[in-house]
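What follows is the residue order along each chain.
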Amino acid sequence: MAERVRLNPIACEAHGMCAELLPERITLDEWGYPILDERPLPPDLVSHAKRAAQACPTFALLVERDRSRS
Amino acid sequence: MAIRGGALLSTVLASAGPSAYWYLTRSSGAVALILLTLALVLGVVDVRRWSTSAWPRFVVDSLHRNVSLLALAFLALHILTAVLDSFAPISLVDAVIPFTGSYRPFWLGLGALSFDLMLAVILTSLLRRRMGHSIWRAVHWLSYASWPIALLHGFGTGSDTKSTWMLSIGVACLAAFLAAVLVRIAAGWPDQLARRGAALGGAAIFTLGLILWLPSGPLGKEWARRSGTPSSLLGHSSSGQSSSRQSSARSGETSR
Amino acid sequence: MSTGTRTAELLLGEHTPSSGLPRLLQGVPAHGAMSLRTHLDTHGPPPLGQRRNRSEAGALIERIEQAGLDGRGGAGFPMARKMRTVAGSKGKPIVLVNATEGEPASLKDRTLLETLPHLVLDGAALAARAIGASEAILCVCESASVGLERAERAIAEREQLPGRWPRIVLSPAPAGYVAGHESALVSHLNGGPPKPTFSPPMPSERGVRRRPTLVNNAETLAHVALIARYGPRWFRELGLSEQPGSTLITLTGPLACPGVYEVEYGASLSSLLDAAGGTTSRVRAALFGGYGGTWVGAGALPELALSNAHLAPYGAALGAGVVLLLSADACPVAETARVTRWLARQGAGQCGPCVHGLDALAETFERVGAGAPPQHAAERVEQLANLVSRRGACAHPDGTARFAMSALDAFAEEFADHARHGACEACARPSQMPLPIRARLTEAA
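This write-up is about the structure you can find in this document. (Residues numbered from 1 in each chain as written. Chains lettered and ligands numbered in written order. Predicted model: local features only at pLDDT ≥ 70, side-chain atom pairs only at ≥ 80, totals over all residues. Heavy atoms only, no water.)

## A closer look at the state of the cysteines
All names here are of chain C.
At step 1: For the structure shown, the criterion picks out 0 disulfides over all chains.
At step 2: Cys-141 takes part in no disulfide bond, and the closest cysteine sulfur to it belongs to Cys-139, at a distance of 11 Å.
At step 3: Among the residues examined, Cys-141 registers a relative accessible area of 8% and is labelled buried.
At step 4: Unpaired in terms of disulfides, Cys-351 finds its nearest cysteine sulfur in Cys-354, a separation of 6.6 Å. (Disulfide = S-S within 2.5 Å. Buried < 20%, exposed > 50% of the residue type's maximum accessible area, 1.4 Å probe, protein only.)

Below you can see the structure in the form of structure tokens.
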């Protein structure tokens, strides 16, 4: 079961730590907000993704198990 | 007096000379003050989102968190050694419940108060995932109260206030604190001038008060007596620790 | 009680449903609301037993599934699937009827509430029974005084009905474009701000008072009221196989009789325009779906039919049943700029990309309209549209992006003209696109 990063856009305050810690999947737009690549995470990126989620001051970044999407 | 187990150890250590605990509690207190100042400054740097390519945001943030925990470690050492030191009657309870001790109750109590506030800040930070962001944030503001109280505790309770090194550390930390607070005020509440004014006023009153108080307070005569040192400890040391070396090392108490 | 006896008689008697149109709008009164008695005479009694019956409840959801009823609030979510999710979630379900209609170009829900409230209330009660709820909350915009008054009266009228019906509670809801969002209503009812929330959990799993909540547009429930009586086969007699039944369209613009019309899916746009007495001036373009919808230039309009399948090639959809015609003497650039700015202000102010992106979109249009466009304005609009889409907690930025991009496409000539020469003489004319003036949500918060 793949894991992905997901963002709670309401909690996000554009601190930008996630982009520093997971540049492979997160870039910042012109206003400093993260643009996520929500493809499944390869195993070697999972720990980095979790660290990025831990670093987020507002818990906006989430690492989630794959959910069925409509 | 000191806790039982510690009493035995401290008596042993005391008879060897000025209590190692006493030196440790003073030095760890000073180090804790420096680290707390650093943690607060880093906190402001963090909230201002300052960063460079060499100092990315996650580094500033981690540093702030880790320095705070390091400060807590030194604070724990400071408290433990103060309790274990048999010279002053400080119990573990006095470290957490303010103003109940018998040794300089008010000034020591400030330390306990500052420590309580700090505990609230650190505990909520460690458990922040379980509480709302706004609760965590509200409690975190207490850091700005905890610091000045800690400084007052240091000046009022500390044995080294008159010494150049301690005074310099205190003044340097105060300067850093004020600079950080000013930066924070300048950046915060853009549309609420009243709040900024109040914060600025608070900082100014504190600084002014400190400058006015120090010369007649801890830097003045007989501070040890005026601050509430138990009379039995004034003059030469009492009960079983009256080695002359001890007394001279402690004589600082009387002249403060 | 006389109504009770009459109802009993009707239960035994036959009530033939209308073939063809109108269905919802059958017997719609010219003034005031249709009384309960007239409603029962027109449509017959709702098939609601004295007490909740499990098989009866399951049967209704089956019928709705076979009928292929989709939500009429804009998202078009299959009704039966939603009902099953709510019924299957943990906790006692509750029904939330969304009659807030924050879309300025839409009047259908208001029409139902003010003239045919019992259709909506029937549907709410039936849906509540079907999912095991004993309460339905009817959310009406707090500024819709007529709707509130008539809904209250209709609810009181229903005390006369025999048997134990699910309780219907009237709840005024704050005004605002995003305040009518499913999760915003739930948040408001739970004592929070009327702003969309992050999901999961979805309201269907955990909503009002942490209970599974069935949130439906008022019109959807009106259709439920009729499907319950006449069955899925009757429902499918009109419309298309992939989009069955009838729907309410709010048709506005330079027409002899703008208003709310009931059409079957797949009907041609021209037949609707004819029903509205035809256009009164030349039409430049039509906006489908709402202010978060899509512009289609006049050239394509004669061929258009009213179904998502027919509109899809133009990037359009029916959405909340809005068809707004823009006359040729309006300035599409000025209108686009005005509406985009309004949409930017209507955001809840919670999500960075939406707050910044929509503001930037509005500014770009305003600058183009004034003849001082930014470099590569068209590319900038496209870039912004991509930057805001799917990056908010709700679909508000996506709708605005769609509106902006389709405007750029449909009015390319006018945009180029304004970029070079600034405002045209039509810019100052009164707007043809109504914009309710309300307190900005961000300020009110």
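What follows continues from the structure just given.
## Section: empty space enclosed by the protein
All names here are of chain B.
At step 1: One pass over the full model with this rule turns up 6 cavities of 30 Å³ or more.
At step 2: Size it by volume and the largest cavity reaches roughly 650 Å³.
At step 3: What lines the largest cavity is a set of 36 residues, among which Thr-25, Gly-29, His-78, His-153 and Thr-157 lie closest to the centre.
At step 4: Secondary-structure elements contributing two or more residues to the lining of the largest cavity are helix 2 (20-47), helix 3 (57-84), helix 4 (92-96), helix 5 (105-126) and helix 7 (143-157). (1 Å grid on protein atoms, 1.4 Å probe; cavity = no way out; pocket = protein on both sides within 12 Å on 5 of 7 lines; lining within 4 Å. Points joined across faces, edges and corners; volume = space filled by probe spheres on them. Helix = DSSP H or I, 4+ residues; strand = E, 2+ residues; numbered from the N terminus.)

## Quick look at the side chain of Arg-184 of chain B
At step 1: Within the secondary structure, Arg-184 of chain B is located in helix 8 (residues 164-187).
At step 2: Glu-13 of chain A is the oppositely charged side chain nearest to the buried, salt-bridge-free Arg-184 of chain B, at an N-O distance of 9.6 Å.
At step 3: If sequence neighbours within four positions are ignored, Arg-184 of chain B has contacts with Val-44, Val-47, Arg-137, Trp-141 and Tyr-144 of chain B. (Lys, Arg positive; Asp, Glu negative; His and termini not counted. Salt bridge = Lys/Arg side-chain N within 4 Å of Asp/Glu carboxyl O. Contact = heavy atoms within 4.5 Å.)

## Topic: the environment of Arg-206 of chain C
All names here are of chain C.
At step 1: Counting through the fold element by element, Arg-206 comes out in the loop between helix 8 (182-189) and strand 4 (213-217).
At step 2: Sequence-wise, Arg-206 and Val-186 are 20 residues apart; in three dimensions their C-alpha atoms are separated by 9.5 Å.
At step 3: Apart from the residues lying within four places of it in its own chain, the contact partners of Arg-206 are Pro-201, Arg-211 and Pro-212.

## Describing the interface of chain A and chain B
At step 1: In this complex, chain A contributes 13 residues to the contact, which on the side of chain B involves 10 residues.
At step 2: Across the chain A/chain B interface, buried area totals approximately 1,200 Å², and carbon plus sulfur atoms make up 47% of it.
At step 3: When residues of chain A are sorted by the area they lose upon contact with chain B, Met-17, Glu-20 and Phe-59 of chain A head the list and together hold 46% of the total.
At step 4: Counting across the interface, chain A meets chain B through 0 salt bridges.
At step 5: The interface formed by chain A and chain B holds 7 residue pairs in polar contact (both at pLDDT 80 or more) in total.
At step 6: Sorting the residues of the side of chain A that touches chain B by element identifies helix 1 (17-21) and helix 2 (43-55) of chain A as the ones contributing at least two each. (Buried area = accessible area lost by both parts, 1.4 Å probe. Polar contact = N/O pair within 3.5 Å; in protein donor to acceptor, adjacent residues only side chain to side chain.)

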